[in-house]
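Examination of the molecular architecture
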Amino acid sequence: MEPDGYYFFSEKQKKIREMVDPSPTFFARIGGKVVECTERSSSPKPSGPFDDYKCYGRGIYIGEKPE
């Protein structure tokens, strides 16, 4: 499968989402590894306002649970 977007993780975003969402993160496969993410974008820059984003690069969405 081809990568379907850029994936990011922000601890600040996760903490805010945990207050309202029982599943504040999701998983993606990036470079052969499964990683926890808080955002997916079609551009290499996240759309959210958080200053602690880690950019994992391009990958493939898996879902709410790792494989």
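Look a little higher up for the structure.
Along the chain, Val-20 falls in the loop between α1 (11–18) and β2 (26–30). Look at Val-20 and you get exposed, because its relative accessible area is 72%. In this structure the C-alpha to C-alpha distance between Val-20 and Gly-32, which are twelve residues apart in sequence, comes to 31 Å.

This part covers the pairing of strand β3 (residues 33–37). Of the pairings in the sheet, the one linking β2 to β3 comprises five bridges and is antiparallel in character. Of the residues in β3, the one forming a bridge with Ala-28 is Val-35. Linking β2 back to β3 in an antiparallel pair, the connection comprises two residues, with Gly-31 at a positive phi of about 55°.

Okay, a nonpolar patch on the surface next. On the surface, Ile-16, Met-19 and Val-20 cluster together into a nonpolar patch covering about 370 Å² of accessible area. Checked against the element boundaries, Met-19 lands in the loop between α1 and β2.

Let us now look at the side chain of Thr-25. Within the fold, Thr-25 resides in the loop between α1 and β2. Of the residues examined, Thr-25 reaches a relative accessible area of 10% and is grouped as buried. Within the structure, Thr-25 has its side chain in polar contact with the side chain of Glu-36 (distance 2.9 Å). With near-sequence residues (within four places) excluded, Thr-25 lies in contact with Phe-9, Lys-14, Glu-36, Cys-37, Thr-38 and Glu-64.

The topology assignment puts Ser-41 in strand β4 (residues 39–41). Only 3.0 Å separates the side chain of Ser-41 from the backbone nitrogen of Ser-43, close enough to count as a polar contact. Once residues within four sequence positions are removed from consideration, Ser-41 is found in contact with Gly-5, Tyr-6 and Phe-8.

Looking now at the nonpolar core. Counting six residues, the largest nonpolar core consists of Tyr-7, Phe-26, Ala-28, Ile-30, Val-35 and Cys-37. Broken down by secondary-structure element, the contributors of at least two residues to this core are β2 and β3. Tallying contributions element by element places β2 first for this core, with three residues.

Reading the values: the criteria
Counting restarts for each chain, with residues numbered from 1 along the sequence as it is written. Selection of residues for local features in this predicted model requires a pLDDT of at least 70, selection of side-chain atom pairs for listing and counting requires 80 or more, and totals for whole chains, interfaces and linings are taken over all residues. Calculation of side-chain values draws on the structure's entire complement of heavy atoms; hydrogens and water are dropped beforehand. Secondary structure elements follow DSSP: runs of H or I no shorter than four residues count as helices, runs of E no shorter than two count as strands, and numbering proceeds from the N terminus. Accessible area is worked out with a 1.4 Å probe on protein chains only. A residue is then buried under 20% of its type maximum, exposed over 50%, and partly exposed in between. When DSSP finds at least two bridges between two strands, those strands are taken to pair. Surface patches are defined over residues having more than 30% relative accessible area and no salt bridge, joining like charges when they lie within 9 Å and nonpolar side chains (Val, Leu, Ile, Met, Phe, Trp, Tyr) when within 5 Å. Exposure was quantified through the Shrake-Rupley algorithm and a 1.4 Å probe, taking into account, for residues, occlusion by the shown protein chains and nothing else. The term salt bridge refers to a side-chain nitrogen of Lys or Arg lying within 4 Å of a carboxyl oxygen of Asp or Glu. Any N or O atom pair separated by 3.5 Å or less is treated as a polar contact, with the protein-specific requirement of one donor-capable and one acceptor-capable atom, and with residues adjacent in sequence counted only for side-chain atom pairs. For this analysis, residues touch if any pair of their heavy atoms sits within 4.5 Å. We call a set of buried residues a nonpolar core when its members are Ala, Val, Leu, Ile, Met, Phe, Trp, Tyr or Cys and they connect through side-chain atoms within 4.5 Å of each other.

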